[in-house]
Amino acid sequence: MSIETNTPHLLERELGIPRFILWFVMLPVLPVTLIGLANLIGGEFLTALVLLVGLNGAFVAGYIALSERTRLRLDAGTGLASITRTSRLGTRRRDYPLEALDSAELDRSHTAREDRSTSKVVLVFRDTRPATRVTLSRWSVSGDGPALVANDINAWLRRHFGDEATAPGLHLSD
């Protein structure tokens, strides 16, 4: 997660899993491929097929799923809140009216032990009933990263739309 730009008229934020973690997902592909080729040469076609296509396919699918990056752009000049999702399969962009953006909230989920929780940032747009809720990432993470992102978004909205009384605040939801 990184802030690209944070000015009174523009906030750009990018969320994604760090690249080095993505490389760890792909690390087993080389040994699995070598073992699969050794099985293929040894005549074990079914084992080779399972390793080369099945197991390597699972690693590649995991890499593709985790490689998605989300860029949030709150632009006062254009009056748009833009969410651009980029993955290995392409890019999707959705634009929302900035004046309809109410706040950023945390969507929390608890583990089975209930002593740890994970969360993800959700944007709440007030122009619909019920309110439109757009998640910024597909995965929840532990730690204070999502809360910091939500606080940055809400602080920018307070600065842009005025005083504390009329501006949205951080809302936590369970």
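Analysis parameters
Residues numbered from 1 in each chain as written. Predicted model: local features only at pLDDT ≥ 70, side-chain atom pairs only at ≥ 80, totals over all residues. Heavy atoms only, no water. Core = buried A, V, L, I, M, F, W, Y, C linked by side-chain atoms within 4.5 Å. Buried < 20%, exposed > 50% of the residue type's maximum accessible area, 1.4 Å probe, protein only. Helix = DSSP H or I, 4+ residues; strand = E, 2+ residues; numbered from the N terminus. Contact = heavy atoms within 4.5 Å. UniProt positions renumbered as here; feature names shortened; annotations may be inferred. pLDDT = per-residue confidence, 0-100. Salt bridge = Lys/Arg side-chain N within 4 Å of Asp/Glu carboxyl O. Phe/Tyr/Trp six-rings, centres within 6.5 Å; stacked < 30°, edge-to-face > 60°.

(A) Examining the nonpolar core more closely. Grouped together as the largest cluster of nonpolar side chains are 22 residues, with contacts concentrated most on Leu 74, Val 121, Leu 123, Phe 125, Leu 136 and Ile 153. Those elements giving two or more residues to this core turn out to be strand S2 (10-15), strand S3 (69-75), strand S4 (80-87), strand S6 (101-110), strand S7 (117-125) and helix H4 (145-161). With residues up to four places along the chain from it excluded, the contact list for Leu 136 reads Leu 15, Thr 70, Leu 72, Ile 83, Arg 85, Val 121, Leu 123 and Ile 153. Within the second largest apolar cluster, five residues are counted, among which are Ile 17, Val 25, Tyr 63 and Trp 139.

(B) How the structure looks around the UniProt feature "transmembrane region" (unreviewed entry) in the protein. Within the UniProt annotation, "transmembrane region" (unreviewed entry) is assigned to residues 20-39 and 45-66. Note that residues 20-39 is 90% helix and 0% strand, and that its end C-alpha atoms are spaced 30 Å apart. With 100% helix and 0% strand, residues 45-66 has its two end C-alpha atoms placed 31 Å apart.

(C) Representation of the confidence of the model for the protein in the model. Per-residue pLDDT for the protein has a mean of 82; in total, 87% of the residues score no lower than 70. Within the protein, helix H2 (residues 29-41) carries the highest mean pLDDT (93), whereas strand S9 (residues 171-173) carries the lowest (46). Low confidence marks residues 164-174, where pLDDT is under 50. Its contacts with residues over four positions away, or in another chain, come to 30 contacts.

(D) Here's a closer look at the pattern of salt bridges. Summed over the entire model, instances satisfying the criterion amount to eight salt bridges. Across the pair Arg 13 and Asp 152 runs a salt bridge whose closest N-O atoms are separated by 2.5 Å. Taken together, the residues Arg 13 in strand S2 and Asp 152 in helix H4 connect sequence positions 139 residues apart. Residue class for Arg 13 comes out buried when judged on its relative accessible area of 7%. Salt-bridge contacts for Asp 95 lead to Arg 93; the nearest nitrogen and oxygen are separated by 3.0 Å. The network of salt bridges with common partners includes Glu 12, Arg 73 and Asp 75.

(E) The arrangement of the packing of aromatic side chains in detail. Evaluated as defined, the whole model comprises three aromatic pairs. Each ring, one from Phe 20 and one from Phe 24, has its centre 6.4 Å from the other, and the planes form 85 degrees; the classification is edge-to-face. Taken together, the positions of Phe 20 and Phe 24, both in helix H1 (residues 19-26) and four residues apart, correspond to about one turn of that helix. Between the aromatic rings of Tyr 96 and Phe 125, the centroid separation amounts to 4.6 Å while the plane-to-plane angle is 25 degrees, which identifies the pairing as stacked. One end of the pair, Tyr 96, is in strand S5 (residues 90-97); the other, Phe 125, is in strand S7, and 29 residues separate them in sequence. Accessibility expressed as a relative area gives 13% for Tyr 96, which makes it buried.

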